[in-house]
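Residues per chain are reported as follows:
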Amino acid sequence: MINKLQFFIKSSHEKSVKKLLNNATKACYLLRKGLLSNLNICDYKYDISIAVRELGLDKELVAQLVDDYVAQVMKAIVQFEDYLTTLNHLQNNHDKLDYTAFRELAHKNLGVARNLRIKDAEILLYELMKKDDLDYLLACLEALKACAVKLSPKYAYDTLKLIEVKNSL
């Protein structure tokens, strides 16, 4: 009986991860056709061997660092969205927009992406640091999230579920 339950839980988890990956791939495709058509990010495939070679670390450690990065990005997305909401509110009230906290968060995540040689994230985080168009920034965030999911779907799913549980408390 318990084995059947374990299979059901595992199967459901695998289906959810696969669905998340499919949604991320679709989002990338749509963003590539829209606001982010100037960025070449959606066909990017991360090559862990580049980071292994350039950093002089073993593959397992780099893989763990990539998973940690994915968790960091998923958590940062929540903060980015909060900052964007505040910026949007300021814009609607015709107040001066202060991008400082938003750009500091982008810079923090950009450093990690550069260290791990994750090129699509580097491009998107650079855009988040430099652009002022809120719609464009939102599209970059969606692409960043999709790219992180594509990088490590299972870890992204688990982190999103953890954030969901934490927010429900």
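Shown above is the structure to which this text applies.
1. Description of the overall build of the protein
(1) Moving on: Summing up its helical and strand segments, the protein has seven helices and zero strands in all.
(2) Moving on: Reported as C-alpha extents along the three principal axes, the dimensions of the protein are approximately 60 × 40 × 30 Å.
(3) Moving on: Per-residue burial over the protein gives 36% buried out of 169 residues.
(4) Moving on: Counting only contacts in the protein whose residues sit at least 6 apart along the sequence, the fraction spanning at least 24 positions is 71%.
(5) Moving on: For the protein, the computed accessible surface area is about 10,500 Å², with 55% contributed by carbon and sulfur atoms.
(6) Moving on: Across the protein, the 25 positively charged side chains and the 22 negatively charged ones have centroids separated by 6 Å.

2. Some details on the environment of Leu 162
(1) Moving on: By the element assignment, Leu 162 lies in helix H7 (residues 153-168).
(2) Moving on: Sequence separation of Leu 162 and Lys 59 is 103 residues, and the distance between their C-alpha atoms is 26 Å.

3. Considerations on the nonpolar core
(1) Moving on: Counting residues in hydrophobic clusters, the biggest one holds 51 residues, and the most contacted among them are Leu 36, Tyr 69, Phe 80, Leu 124, Leu 125, Leu 128 and Leu 144.
(2) Moving on: For this core, the secondary structure elements donating two or more residues are helix H1 (2-33), helix H2 (48-55), helix H3 (59-92), helix H4 (100-116), helix H5 (119-130), helix H6 (134-151) and H7.
(3) Moving on: With 12 residues, the top contributor of residues to this core is H6.
(4) Moving on: Once residues lying within four places of it in the same chain are set aside, the contact partners of Leu 124 are Leu 36, Leu 39, Ile 41, Cys 140, Ala 143, Leu 144 and Cys 147.

4. Description of the pattern of salt bridges
(1) Moving on: Summed over the entire model, instances satisfying the criterion amount to six salt bridges.
(2) Moving on: The residue Glu 122 makes a salt bridge to Lys 119 at a minimum N-O spacing of 3.5 Å. Taken together, the residues span about one helical turn, with Glu 122 and Lys 119 both in helix H5 at a distance of three residues.
(3) Moving on: Exposure remark for Glu 122: the relative accessible area of 16% places this residue in the buried category.
(4) Moving on: Residue Lys 119 is classed as partly exposed on the basis of its relative accessible area of 42%.

Definitions and cut-offs
Residues numbered from 1 in each chain as written. Predicted model: local features only at pLDDT ≥ 70, side-chain atom pairs only at ≥ 80, totals over all residues. Heavy atoms only, no water. Helix = DSSP H or I, 4+ residues; strand = E, 2+ residues; numbered from the N terminus. Buried < 20%, exposed > 50% of the residue type's maximum accessible area, 1.4 Å probe, protein only. Contact = heavy atoms within 4.5 Å. Areas by Shrake-Rupley, 256 points an atom, 1.4 Å probe, with all protein chains shown as cover. Lys, Arg positive; Asp, Glu negative; His and termini not counted. Charge placed at Lys NZ, Arg CZ, Asp CG, Glu CD. Core = buried A, V, L, I, M, F, W, Y, C linked by side-chain atoms within 4.5 Å. Salt bridge = Lys/Arg side-chain N within 4 Å of Asp/Glu carboxyl O.

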